[in-house]
Amino acid sequence: KANGNLQASAAQVSNEPIEQAHGYLGIANRLLPSIDVLAQSSEKDVTGLAMLVAHSLECTLKAYLLHNGMSVKDLKDKSRRHNIKQLWEDAVKNGLTIEASPPDWCVKLNSLHNQPFYLRYPNRAALVVPNTNRLLQSGTTCQIKLRLI
């Protein structure tokens, strides 16, 4: 077992304990510049963009839920672990004022991000990624973050 602090460029990363909700929100925030770069790219394959948006949304929703009293154990439950559709619904039940039902782009993104993890691992399925313009224009991740502050 290793002990000590792990530090990388300008102390942006360390292994010091951090309150869980802020940790998830920090990850989501650190993904935003990369999301912006990929969104501006002329590259036609948007798999990387979809992965980062899904992970950022997952982390943002988890931050909200932890901030509002959900336990880490409940977040790690198999029914919601990477299930952004379920996390969305849980956040609404816990007072987040966003669309009551996850929008179509979120449901489609969840089908790629959640089990069986089509975005992450080789498979035989063709990927159909949600319309990235609708996904990026929705501003949902930013709306959720503002409510955490």
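This is a predicted model, so every value here is computed, not measured. (Residues numbered from 1 in each chain as written. Predicted model: local features only at pLDDT ≥ 70, side-chain atom pairs only at ≥ 80, totals over all residues. Heavy atoms only, no water.)

Q: Looking at this structure, how should I read helix 2 (residues 47-67)?
A: An α-helix turns once every 3.6 residues. As a result, residues three or four positions apart point the same way. Relative to the 30 Å expected for 21 residues at 1.5 Å per residue, helix 2 spans 30 Å between its end C-alpha atoms, a close match to the ideal helical length. Of all 21 residues in helix 2, 16 are buried; the element is thus mostly enclosed. Gly69 sits one or two residues past helix 2 and shows a positive phi near 105°. (Helix = DSSP H or I, 4+ residues; strand = E, 2+ residues; numbered from the N terminus. Expected span 1.5 Å × (residues − 1). Buried < 20%, exposed > 50% of the residue type's maximum accessible area, 1.4 Å probe, protein only.)

Q: Please explain the nonpolar core as it appears in this structure.
A: Soluble globular proteins tend to bury their nonpolar side chains together. One finds Leu61, Leu65, Leu75 and Leu109 to be the most contacted residues of the largest nonpolar core, which totals 30 residues. Elements with a contribution of two residues or more to this core: helix 1 (20-40), helix 2, helix 4 (84-93) and helix 5 (104-113). Counting residues per element, this core draws most heavily on helix 2, which supplies eleven residues. (Core = buried A, V, L, I, M, F, W, Y, C linked by side-chain atoms within 4.5 Å.)

Q: Can you walk me through the pattern of salt bridges in this structure?
A: Once their charged atoms are close, side chains differing in charge can pair, the charge on each being opposite to the other. One pass over the structure, following the stated rule, counts four salt bridges. Taking the shortest distance from any N to any O, the salt bridge between Asp90 and Arg80 comes out at 2.7 Å. Linking Asp90 in helix 4 with Arg80 in the loop between helix 3 (72-75) and helix 4, this pair joins segments that are ten residues apart in sequence. Residue Asp90 is classed as buried on the basis of its relative accessible area, which comes to 6%. The residue Lys108 makes a salt bridge to Asp104 at a minimum N-O spacing of 3.0 Å. Linking Lys108 with Asp104, this pair stays in helix 5, spanning four residues, or about one helical turn. Take Lys108: its relative accessible area is 39%, and that puts it in the partly exposed class. (Salt bridge = Lys/Arg side-chain N within 4 Å of Asp/Glu carboxyl O.)

Q: Help me understand the packing of helix 2 against helix 4 in this model?
A: Packed helices, taken two at a time, are described by the angle between their axes plus the distance between the axes. Closest axis-to-axis distance for the helix 2/helix 4 pair is 9 Å, and the angle between their directions is 30°. Overall, the two elements helix 2 and helix 4 adopt an arrangement that is roughly parallel. Helix 4 is crossed by helix 2, and the crossing has left-handed handedness. Residues Ala54, Leu57, Glu58, Leu61, Lys62, Tyr64 and Leu65 of helix 2 lie in contact with helix 4, whose contacting residues are Ile84, Leu87, Trp88, Asp90 and Ala91. Grouping the amino acids of the contact of helix 2 with helix 4 by side-chain chemistry returns nine nonpolar, no polar and three charged. (Axes fitted to C-alpha atoms, helices over the stretch in contact; angles between N-to-C directions. Parallel < 35°, antiparallel > 145°, perpendicular 65-115°, else oblique. Left-handed = near helix turned anticlockwise from the far one by under 90°. Contact = heavy atoms within 4.5 Å. Nonpolar A, V, L, I, M, F, W, Y, C, P; charged D, E, K, R; others polar.)

Q: Which parts of the structure should I look at to understand empty space enclosed by the protein?
A: To find leftover empty space, one rolls a probe the size of a water molecule over the atoms. By the definition in use, this model includes one cavity of 30 Å³ or more. By volume, the largest cavity is sized at about 50 Å³. Around the largest cavity sit Lys78, Arg81, His82, Asn114, Gln115 and Phe117, which together line it. A breakdown of the residues in the lining of the largest cavity according to their chemical character gives one nonpolar, three polar and two charged. (1 Å grid on protein atoms, 1.4 Å probe; cavity = no way out; pocket = protein on both sides within 12 Å on 5 of 7 lines; lining within 4 Å. Points joined across faces, edges and corners; volume = space filled by probe spheres on them.)

Q: How should I be thinking about unusual backbone geometry in this particular structure?
A: It is generally the case that most residues other than glycine have a negative phi and that most peptide bonds are trans. Residue Pro116 is bonded to the preceding Gln115 through a cis peptide linkage, with omega at 10°. Examined against the element boundaries, Pro116 turns out to sit in the loop between helix 5 and helix 6 (132-137). For Phe117, which is not a glycine, the phi torsion comes out positive at approximately 60°. Residue placement: Phe117 occurs in the loop between helix 5 and helix 6. With relative accessibility at 16%, the residue Phe117 sits in the buried group.

Q: Please clarify how the environment of Pro103 should be interpreted in this entry.
A: Relative to the assigned elements, Pro103 resides in the loop between helix 4 and helix 5. Placed 15 residues apart in sequence, Pro103 and Trp88 show a C-alpha to C-alpha distance of 9.8 Å.

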